[in-house]
Amino acid sequence: MTEDLFTEEQRKAIKALAEALEKCQASEIHIANITDYKIFETADAEGKPFVSLF
């Protein structure tokens, strides 16, 4: 479903961000407004690629 929304380069960037967030969480680095250190890939109301952080 979301696989078609992002290019390979975008997927690599999203994966790098997810890995960085995991390292922050493991190091007990707290980031404002990030609670679960999870990345969700979806499409917005217009069908454009959208990534949200929680």
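A short tour of the structure in this document, coming up.

Below, the discussion takes up the pairing of strand β1 (residues 39-43). Regular strands place side chains that alternate from one sheet face to the opposite one. Pairing analysis gives 5 bridges linking β1 to strand β2 (residues 49-53), with the strands arranged antiparallel. Among the inter-strand pairings, phenylalanine 40 is bridged to a residue of β2, identified as serine 52. Where β1 folds back on β2, the antiparallel hairpin that results is connected by 5 residues, among which glycine 47 adopts a positive phi of roughly 85 degrees.

Turning our attention to the pattern of salt bridges. By the definition in use, this model includes 3 salt bridges. Between lysine 12 and glutamate 8 there is a salt bridge, with the nearest N and O atoms lying 3.6 Å from each other. Highlighted residues: lysine 12 and glutamate 8, both in helix α1 (residues 8-26), separated by 4 residues, approximately one helical turn. The residues lysine 12 and glutamate 8 share a single accessibility class, namely exposed. In this structure, glutamate 46 and lysine 48 form a salt bridge, with 3.2 Å as the shortest nitrogen-oxygen distance. Looking at lysine 48, the relative accessible area reads 47%, which means it is partly exposed.

Along its 19 residues, α1 runs 27 Å from first to last C-alpha, staying within 8% of the 27 Å computed at 1.5 Å per residue. For α1, the full list of buried residues reads Ile14, Leu21 and Cys24. Buried residues of α1, seen end-on, are gathered within an arc of 80 degrees and therefore sit on one face of the element. Seen from the buried face of α1, the exposed residues on the opposite side, beyond 90 degrees, are Glu8, Glu9, Lys12, Lys15, Glu22, Lys23 and Ala26. Residues of α1 that are buried in the fold lie against β1 and β2. At the C-terminal side of α1, glutamate 28 shows a positive phi close to 60 degrees.

Calculation criteria
- Residues numbered from 1 in each chain as written.
- Predicted model: local features only at pLDDT ≥ 70, side-chain atom pairs only at ≥ 80, totals over all residues.
- Heavy atoms only, no water.
- Pairing = 2+ DSSP bridges.
- Helix = DSSP H or I, 4+ residues; strand = E, 2+ residues; numbered from the N terminus.
- Salt bridge = Lys/Arg side-chain N within 4 Å of Asp/Glu carboxyl O.
- Buried < 20%, exposed > 50% of the residue type's maximum accessible area, 1.4 Å probe, protein only.
- Expected span 1.5 Å × (residues − 1).
- Arc of directions from axis to C-beta.
- Contact = heavy atoms within 4.5 Å.

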